[in-house]
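# Understanding the architecture of this molecule
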Amino acid sequence: KEQEIYNNEEIKLLFEALQNEEEPFKTMVYVSFYTGARRGEVLGLRWQDIDFDNKEISVSKSIYYKGGVAHIKGTKTESGERKVFLPDVLADKLTKGKAEEYLFSVDGTKPLAYSTFERKWKKYKEEVGLNITAHQLRHTYATILFEAEIDAKDAQYLLGHSDISVTRNIYTHIRKNHLEQTGEKLNRYIS
């Protein structure tokens, strides 16, 4: 399914809307945006998964909801288990907690409840004015990888794709969108 790619103005709106959000939701959006991890992978993170010294986040589990109750499982695919880069801009937004505590939880002992996530996400979408999904943050991360000229094979690892063709399909879509924007810029300049 083709995902919407956000431009720089829309990304600015995403971050501006976060100023009105509370923790841990605010940081959850930052982690999603700056790591490209899937929603369940982000919700499953514990502080022991964050390695500030080596600038890595270990993605090894995922949260899914059944009947509104959070359950832990492995990542979507075997290649989903990975270490993703912890950019400085994200590290600066994280405050250290106890190793066994969840990053995104009311009390640290259990993952964020589904109803809490949904309520906060709905409020966030209204604040931003875009019908954004958590998966679109992942797709935006893939766009950033492309624009930073990260090789498709490296992007495959960072995104946890089991098949390079999935990554290449995303990159192809981004290239097409990028070329259309380039054409529009050229057209404006020539006019």
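Heads up: the structure comes first, above all this text.
Keep in mind it's a predicted model, so treat the numbers as computed, not measured.

### Details of helix H2 (residues 25-35)
With eleven of its eleven residues buried, H2 lies for the most part within the structure. All buried positions along H2 are accounted for by Phe-25, Lys-26, Thr-27, Met-28, Val-29, Tyr-30, Val-31, Ser-32, Phe-33, Tyr-34 and Thr-35. Two residues or fewer past H2, Gly-36 is found with a positive phi of approximately 70°.

### Here's the deal with the sheet that holds strand S5 (residues 82-85)
Taken together, three strands build an open sheet; the order of strands is S1-S2-S5 and the sheet is antiparallel. Edge strands, defined here as strands with exactly one partner in the open sheet, are strand S1 (50-51) and S5. Both S1 and strand S2 (residues 56-59) contribute to a ladder of two bridges, which runs antiparallel. Bridge pairing links Ile-50 to Ile-57 in S2.

### Some details on unusual backbone geometry
Across the junction of Glu-23 and Pro-24, the peptide omega takes the value 5°, indicating a cis bond. Mapped onto the secondary structure, Pro-24 falls in the loop between helix H1 (8-18) and H2. Located in the positive-phi region is Lys-55, a residue other than glycine, with phi close to 55°. Note on placement: Lys-55 falls in the loop between S1 and S2.

The rules we used
Residues numbered from 1 in each chain as written. Predicted model: local features only at pLDDT ≥ 70, side-chain atom pairs only at ≥ 80, totals over all residues. Heavy atoms only, no water. Buried < 20%, exposed > 50% of the residue type's maximum accessible area, 1.4 Å probe, protein only. Helix = DSSP H or I, 4+ residues; strand = E, 2+ residues; numbered from the N terminus. Pairing = 2+ DSSP bridges.

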